[in-house]
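# Notes for the structure review
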Amino acid sequence: MNIVVLTGAGISAESGLKTFRDNGGLWEGHRMEDVATPEAFAANPELVQNFYNLRRQQLRSDEVKCNAAHIALAEFEAQHKGRFTLITQNVDDLHQRAGSNNLLAMHGELRKVRCLNCDAVMPYDEAITPQSQCTQCLQLDCLRPHIVWFGEMPLYMDVIERVLQSCELFVSIGTSSVVYPAAGFQQLAQHRGAHTVELNLAPSETASRFDEAIYGNASTLVPEYFSGLLD
Ligand code: APR
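For clarity, every value in this text was computed on a predicted model and none was experimentally measured.

## Topic: the site of the ligand
The immediate surroundings of the ligand are formed by 23 residues, with Ala-9, Phe-20, Arg-21, Thr-175 and Ser-176 found nearest. Between the ligand and the protein, one listed contact pairs an oxygen atom with a backbone N or O atom of Ala-9 at 2.8 Å. A distance of 3.0 Å separates a nitrogen atom of the ligand from a polar atom in the side chain of Glu-14. For the shell around the ligand, the per-class residue count stands at nine nonpolar, 11 polar and three charged.

This is how it looks when you write it as structure tokens:
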């Protein structure tokens, strides 16, 4: 069976990382439009860099660890005989730490940066400062977070469209389904004949479109649901 899983911030909520929309509309104390748009970066690069520097640093804290849901997906992928594609909207590295392989981080990755001068993308675990240097073109003060901001094109869209076309089971986990194009993946898969399932704490914006929905904490639901698929 060809399975596609889409994850959002809810899968990392029990790993010590705050979701985007569960905290009165503020993300770690900021309005999203003040830190997650190209306009915000142009207007106040220091604020935006500091914000992502803190998020990058937070990932390295001892409190942030992958949870049973990330692990269950990686273990399922290792045992599943058919195709398995994990699409994540998350920019944390918890799926990577759990050992997921066929992973598409469509909104970018906190632990990578992009050079505004030569476009190179490189792993980066430090704070970006004006003294930071691109390891490819060696220019100074030209790095930005490798994050897809509002108004920018998500990554891997061609691959994602292809896998959704042949998808037989689509599982959406821990996303409020308000941000497109990800919020539209369920319908694309369903039109192609896939069975679609929502695993979330509460009904998402598009909950009524799913064929099946189970509500609760990801760390409980995801291991249960995926071990059932292996039986
Ligand atoms: N288990 C399962 N689901 C949970 C849990 C949990 N423990 N805690 C919260 N949730 C659910 C919430 O009910 C909510 O529906 O996770 C969802 C999180 O929604 P958002 O905060 O909107 O996050 P997400 O859907 O990933 O946001 C999409 O928006 O800000 C942008 O680019 C950013 O990738 C992000 C995108």
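## Quick look at the sheet that holds strand E5 (residues 121-123)
Taking strand neighbours across the sheet as the criterion, the three strands line up as E5-E4-E6 in an open arrangement whose pairing is antiparallel. Every interior strand has two partners, whereas the edge strands, E5 and strand E6 (143-147), have only one. Within this sheet the neighbouring strands show an average axis-to-axis angle of 45 degrees, counted without direction. The pairing of strand E4 (residues 108-115) with E5 spans three bridges and is antiparallel. Counted as the bridge partner of Lys-112 is Pro-123 from E5.

## Notes on the environment of Gly-151
Positionally, Gly-151 belongs in the loop between E6 and helix H6 (157-165). The class for Gly-151 is exposed, based on a relative accessible area of 84%. Taking the C-alpha atoms as reference points, Gly-151 and Thr-37, 114 residues apart in sequence, are found 6.9 Å from one another.

Quick notes on the rules
Residues numbered from 1 in each chain as written. Predicted model: local features only at pLDDT ≥ 70, side-chain atom pairs only at ≥ 80, totals over all residues. Heavy atoms only, no water. Near = heavy atom within 4 Å. Polar contact = N/O pair within 3.5 Å; in protein donor to acceptor, adjacent residues only side chain to side chain. Nonpolar A, V, L, I, M, F, W, Y, C, P; charged D, E, K, R; others polar. Pairing = 2+ DSSP bridges. Helix = DSSP H or I, 4+ residues; strand = E, 2+ residues; numbered from the N terminus. Axes fitted to C-alpha atoms, helices over the stretch in contact; angles between N-to-C directions. Buried < 20%, exposed > 50% of the residue type's maximum accessible area, 1.4 Å probe, protein only.

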